[in-house]
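Given next are the chains, with one letter for each unit.
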Amino acid sequence: QVQLVESGGGLVQAGGSLRLSCAASGRTFSSYTMGWFRQAPGKERDFVAAITWSGGVIYYADSVKGRFTISRDNAKNTMYLQMNSLKPEDTAVYYCAARILESIRTMSEVYDYWGQGTQVTVSS
């Protein structure tokens, strides 16, 4: 069992930056592939980025490529999402997720553990 807690969300103006954190506890964090997803009101939960346990493979959604950076510190059991050049369309609840299998996947259904989410609001 893995417990995930997101933090770092908030209100920011367009063009600004935020850094989200996902703290993990429970079973060995370093063995999981981790991902970030987001869900805007009335919309489905969308893939944002994912990183394998070693950090050797990283994948981004096209909508955030070049603006967001995913990283992890296995010694601190923490994953991060650095978000730069934020746009109003980035407004959503952001969730971190853990996947037992190593391969990167963009479908939320294949992730095994989820955090409670953190709100990111980007004003125009």
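The structure presented is a predicted model; accordingly, all values stated were derived computationally and were not measured. (Residues numbered from 1 in each chain as written. Predicted model: local features only at pLDDT ≥ 70, side-chain atom pairs only at ≥ 80, totals over all residues. Heavy atoms only, no water.)

> So what's going on with the side chain of Thr78? Residues and values would help.
Take Thr78: it is sitting in strand S8 (residues 78-83). Assessed through its relative accessible area of 10%, Thr78 is described here as buried. Side-chain polar atoms of Thr78 contact the backbone oxygen of Lys76, separated by 2.8 Å. With near-sequence residues (within four places) excluded, Thr78 lies in contact with Ser21, Cys22, Ala23, Phe29, Arg72 and Asp73. (Helix = DSSP H or I, 4+ residues; strand = E, 2+ residues; numbered from the N terminus. Buried < 20%, exposed > 50% of the residue type's maximum accessible area, 1.4 Å probe, protein only. Polar contact = N/O pair within 3.5 Å; in protein donor to acceptor, adjacent residues only side chain to side chain. Contact = heavy atoms within 4.5 Å.)

> So, the pairing of strand S1 (residues 2-7): which residues are in play, and what are the values?
Only one face of S1 is covered, namely the one carrying Val2, Leu4 and Glu6; the face carrying Gln3, Val5 and Ser7 has none of its residues buried. Examined bridge by bridge, S1 and strand S3 (residues 18-26) share six bridges and lie antiparallel to one another. Bridge pairing in S3 places Ser7 opposite Ser21. (Pairing = 2+ DSSP bridges.)

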